[in-house]
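Results of the structural survey
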Amino acid sequence: MDFTRSDISTFLEVVRSGSLSRAAANIGLTQPSVSKALRRLEDEAGVPLLERGIHGAKLTNEGELFHETARRYEAQHFELVRMASELRARHSGLLRIGITSPGESNVVHAMSELVRRRPAVRLQLRIGKSDELNSAVEDGLLDMAIAPAYPGQYWSCTQLILAEEDSRLVARVRHPLASNPDLTLADLTPYPWVMASQNSAARQLLNSVFQRKHQPVPHVALEVDYMSEAALEVISSTDLLALVRAPLLRGWLGRVMPLSISELHIKRSLVLLTRPDAKWSHLMVEFRGLLLDATRPRHK
């Protein structure tokens, strides 16, 4: 059988995007070209790999099996290309990194130090949600990702804990709840929240805290991909509530303040995600070391 890498890459993009038209737009081909690539693969495989319809493209049972092998092939091909690049020029190469927030200062510091040490290095940075980054690492689209991890959260990738962080319930200074020293979850019911998307681990964990105490889950007025300076600006001028990690909160004390409810004093980990079977390049090893240095607690 003669499968070409371009046809396999096209097939994988169709599966990722869910339709031929979106795949064509993402990889810069015409839709007829994408259709021809899929037909060539199916002719070689001897079975239909995708069901096409008005709602997009869906894998057949045979396509599911083919897809798993195609993903491994794509990841292994990239590893081979990158290793060849590393061998040609020890101080050059490509490192693909995923993060959940552009405000991760330790990650930015590690990236900056890597660029200073290796001026010819190329970095690709992707910002996304934790589950999306986990899938991208698993699929070989990213070399590693840095994401927050909450108790009970499932990961398919290997995790290395970089740091532990506190998350606190916060509200604006002079919020109606600010003068109550004995707050309970029930006291929060009238107030809307800033929170991550419905399927995020952080939101599911927060909802479970309220459900265990037989309280209604928070009403979300502002849904965000990650807690940012812009979100804190909104919180500082409204009655919205939010969980904010301690490093970000420190820069806003005086405009927002932590509220004391023990159930909402939540710890989370910052983890480095990699594929369980990843072949670690020199760049990956070096960046991991820089991350560990950047996140190591500083003793005064």
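To keep things clear, this report deals only with the structure shown in the data block. The structure displayed is predicted, hence computed values, not measured ones.

Rules used throughout
- Residues numbered from 1 in each chain as written.
- Predicted model: local features only at pLDDT ≥ 70, side-chain atom pairs only at ≥ 80, totals over all residues.
- Heavy atoms only, no water.
- Helix = DSSP H or I, 4+ residues; strand = E, 2+ residues; numbered from the N terminus.
- Buried < 20%, exposed > 50% of the residue type's maximum accessible area, 1.4 Å probe, protein only.
- Contact = heavy atoms within 4.5 Å.
- Expected span 1.5 Å × (residues − 1).
- Arc of directions from axis to C-beta.
- Axes fitted to C-alpha atoms, helices over the stretch in contact; angles between N-to-C directions.
- Parallel < 35°, antiparallel > 145°, perpendicular 65-115°, else oblique.

**Thoughts on the side chain of Ser-197**
Its place among the elements puts Ser-197 in the loop between strand E7 (193–195) and helix H7 (201–212). Overall, the relative accessible area of 12% leaves Ser-197 in the buried class. Residues contacting Ser-197, with those up to four places away along its chain left out, are Lys-129, Arg-203, Glu-223 and Val-224.

**What to know about helix H5 (residues 105–117)**
Its 13 residues place the ends of H5 18 Å apart at the C-alpha level, agreeing with the 18 Å of an ideal helix rising 1.5 Å per residue. Those residues of H5 that sit buried are Val-107, Ala-110, Met-111 and Leu-114. Looking straight down H5, one finds its buried side chains confined to an arc of 100 degrees; they lie on one side. Opposite the buried face of H5, at more than 90 degrees from it, the exposed residues are Ser-105 and Arg-116. Buried-residue contacts for H5 involve strand E3 (93–99), strand E4 (121–127), strand E5 (144–149) and helix H10 (282–295).

**Remarks on the packing of helix H1 (residues 5–17) against helix H3 (residues 31–45)**
Orientation of H1 relative to H3, taken along the N-to-C sense of each, is 110 degrees, at an axis distance of 9 Å. Comparing the axis directions of H1 and H3 gives the class roughly perpendicular. From H1, Asp-7, Ile-8, Thr-10, Phe-11 and Val-14 reach across to H3, where they touch Val-34, Ala-37, Leu-38, Arg-40 and Leu-41.

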